[in-house]
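# Remarks on the overall topology
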Amino acid sequence: MNYEWELHAVVPHGRGERLAAAARKAGARGGTILVGRGEHSSPVLRFLELAEYEKDMLVVLVSAADLDRVWDALKAEADGDGKKSKGILYAQPSGRTQMEADNGHELITVIVNRGYAEDIMDRARKAGAKGGTILHARGTGKPEDEKFFGVAIVPEKEEVLILADTDNSAAIQEAILALPCLTTPGIGIMYTTRVSRFAQLGR
Amino acid sequence: MNLLKTLRETALAVLPVCAIVCILAFTIAPLETALIGEFLFGSSLVIIGLSFFLTGAELGIIPAGSYLGAALTRSRKILLILGSGFVIGFFITIAEPDLHILGSQVQEISEGITANSLILSISLGIAVFLLLALARVVFHISFRFLIIAGYAAVFAAASRITPEFVAVAFDSGGATTGPMTVPFIIALGIGVSAVREDKSALEDSFGFTGIASIGPILAVALLGLLRAPQKAALAAETALSVAVETPGFFAELLHRIPKTAAHVFLALAPIACIILLFQIFFMKLPPKQTRKIAFGFFYAWLGLVFFFTGTETAFVPAGRAIGSILGASESSWILIPLGCLLGAIVVCAEPAIWVLTEQVEEISAGNIRKPVLLTALALGVAAAVGLSMFRILEGFSIWLLLLPFYGAALGLTFVTPRLFTAIAFDSGGVASGPMASTFILSLAIGAASSSGGNPGTDGFGVIALIAATPLVTIQLLGILYQRSEDRVLAAGQKSKEALR
């Protein structure tokens, strides 16, 4: 079976399982749930550092034939209980799939050493980003990594995902690159991919 | 984390305690109306305090601890790692407010042991064992080996001191790992393991608090051996004497708040200073991160001030009053089921427990769910409090309960998945936090004094047992978990074969 599409749904923490169940019902074979965090856009909460909240990110691989059905199922499940399930849903082609018509969105991915993600989000927001998701991850060891009592020390990483309008994307990337704390070499990488479908979840 | 969400969760955890107290107050344990009002006001302070503390812990203390742990491991300087473990262990313990209360109580009951010598030896105990916990991870020493060796030393020392001192020793293990030290130590462990690429990194994330909890028990037991107190019997009226004459509730409140604020500030200051030093010389975190940690520490401070004010002014008097009314009543047996019920509920309102379960859920990527872990803990603590009440009414030796529980706990380490063994021993130190040592302890002391028992020893016994039972229940949970995981894997294997 070929999985030509990768669906990503970002929803409040705890909602991932129900979306995954809906996707399975609609024909998807399974899904992976990652726990990430985001920030409310309220300036007062952000000043008080109280804006952070957790969210689930569901990743589902589907075949081209199943794409529409799973997409609609995810959307229906998330829209089902109104404002409780605010979030986004987007699809990216995996492999050599033809792109669908441009929908005006790009996904900016920044992978940095742990601790820098919030500064990046802050800067991106100032440059016009509406939000973003931070995932906690860790790098893989390389053979040339230094060993410490027989165990390789790997860097802790954070992955920042920002879905941006194509018009805005370049400005956001520039703003991120201009961050003073990112000038040292070896802090991280950034890349942009196109998004084929995009939908706002909930009302 | 969302403050409102936390507020709702903590309210759900604390309100059942309020409900039970109110039901009792209007039925079998009539309290004065004023006391009920004060209790309800204090409970709202507890809820607000808990919410702010948890928000602050998540924002400041936990990230700081794990950044620090990661920075230490990454430095690859063994002396720096072990030295920091010792220094951190010493300074965060010496400031823990619970420890000072314990110290002054022990000073009252035993000649030859001063509060200062007790505080100093307990802090050294934690420092040494935190160093051992770090050394264990670096040198790949088995957790089981260290725990068994540690408790063997504890029991060897404890078997030679007076029974009253045994209770104090075991209690200090739980009392000193309080709401400030626990999140920091847990996070430190997670940080140390997070930068390592090997299979046991997940298991090594936990267990730091469990190992550190041995330190104070051993330290107090050794102190008891060395000083051989001539008069170690705990006198009834000295244990946790809370002034009965109060100049009015709100005057008392105004008097307490600045004192509590200063206490909590002093307790947080050493951790903050250590983090600041590391930030300047090692971690060099970006600005936004630093700001977040600073705000987190402020919220944690604010939350603990509210929390302690609420527990001290409302929970302790109400618990004591209900305990003594029930202990003196005809149907004192009701204390046993009541103890079980309250134990189960109170553990759900313990701040450090929330931090632990949150961390376990996050590290296991949602596999070990918070409610499951909480249920196992609640069952264990329910049994602990119920048995303690039984012991208060019957008055038998604490060894009869401690020995089987620790025996089972150490035996289970051979069959439990290692991750759960580590979490279990962490929970042991965590379960006996400020909620238990205020509400449950006052209930037990009240019950013991009115039913003719020895309030000092029986009260301490409660805490020691609360710390012992999770070691068993969480490990049992681990065995169940392993079984169901095996079943799922086996089913997956089967369906794969069917496809072929």
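The present account deals with the structure reproduced in this document. Just so it is clear, the model here is predicted, and its values are computed rather than measured.

With that out of the way, let us pick up the interface of chain A and chain B. At the interface, 32 residues of chain A touch 35 residues of chain B. Overall, the association of chain A and chain B removes approximately 3100 Å² of surface from exposure, summing both partners, and the carbon and sulfur fraction of that is 50%. Along the contact surface separating chain A from chain B lie 7 salt bridges. Among the ionic pairs, glutamate 39 of chain A bridges to lysine 288 of chain B, the shortest N-O distance being 3.5 Å. Grouping the constituent residues of the side of chain A that touches chain B by class yields 12 nonpolar, 5 polar and 15 charged.

All names here are of chain B. Following both chains from N to C, one finds helix α1 (residues 3-26) and helix α2 (residues 33-75) inclined at 155 degrees, their axes separated by 9 Å at the closest point. Classified by the angle their axes make, α1 and α2 are roughly antiparallel. For the crossing formed where α1 meets α2, the hand is right-handed.

Inspection of the entire model under this criterion finds 20 aromatic pairs over all chains. Between phenylalanine 155 of chain B and phenylalanine 170 of chain B, the ring centres sit 5.8 Å apart and the planes meet at 45 degrees, which makes this aromatic pair tilted. Of this pair, phenylalanine 155 of chain B sits in helix α6 (residues 143-158) while phenylalanine 170 of chain B sits in helix α7 (residues 163-176); the two residues are 15 residues apart in sequence, bridging distant segments of the chain. The burial state of phenylalanine 155 of chain B is the same as that of phenylalanine 170 of chain B; both residues are buried. The residue whose ring lies beneath arginine 291 of chain B is phenylalanine 47 of chain A, and the NZ or CZ to ring-centre distance is 5.0 Å.

What follows is about the pattern of salt bridges. The final tally for this structure, using the stated rule, is 22 salt bridges over all chains. Arginine 291 of chain B is the salt-bridge partner of glutamate 49 of chain A, the closest N and O atoms lying 2.8 Å from each other. On the criterion of chain membership, the pair formed by glutamate 49 of chain A in the loop between α2 (43-47) and β3 (52-62) and arginine 291 of chain B in helix α12 (residues 287-328) is interchain, its members lying in two chains. Arginine 291 of chain B gets classed as partly exposed once you look at its relative accessible area, which sits at 31%.

Our focus in this paragraph is helix α13 (residues 335-347) of chain B. Helix length check: α13 of chain B (13 residues) gives 17 Å between terminal C-alpha atoms against 18 Å at 1.5 Å per residue, within 8%. Buried positions along α13 of chain B lie against α1, α12, α14 (351-363), α15 (370-394) and α18 (434-450) of chain B.

So, how was this worked out
- Residues numbered from 1 in each chain as written.
- Chains lettered and ligands numbered in written order.
- Predicted model: local features only at pLDDT ≥ 70, side-chain atom pairs only at ≥ 80, totals over all residues.
- Heavy atoms only, no water.
- Contact = heavy atoms within 4.5 Å.
- Buried area = accessible area lost by both parts, 1.4 Å probe.
- Salt bridge = Lys/Arg side-chain N within 4 Å of Asp/Glu carboxyl O.
- Nonpolar A, V, L, I, M, F, W, Y, C, P; charged D, E, K, R; others polar.
- Axes fitted to C-alpha atoms, helices over the stretch in contact; angles between N-to-C directions.
- Helix = DSSP H or I, 4+ residues; strand = E, 2+ residues; numbered from the N terminus.
- Parallel < 35°, antiparallel > 145°, perpendicular 65-115°, else oblique.
- Left-handed = near helix turned anticlockwise from the far one by under 90°.
- Phe/Tyr/Trp six-rings, centres within 6.5 Å; stacked < 30°, edge-to-face > 60°.
- Buried < 20%, exposed > 50% of the residue type's maximum accessible area, 1.4 Å probe, protein only.
- Lys NZ or Arg CZ within 6 Å of the ring centre and 35° of its normal.
- Expected span 1.5 Å × (residues − 1).

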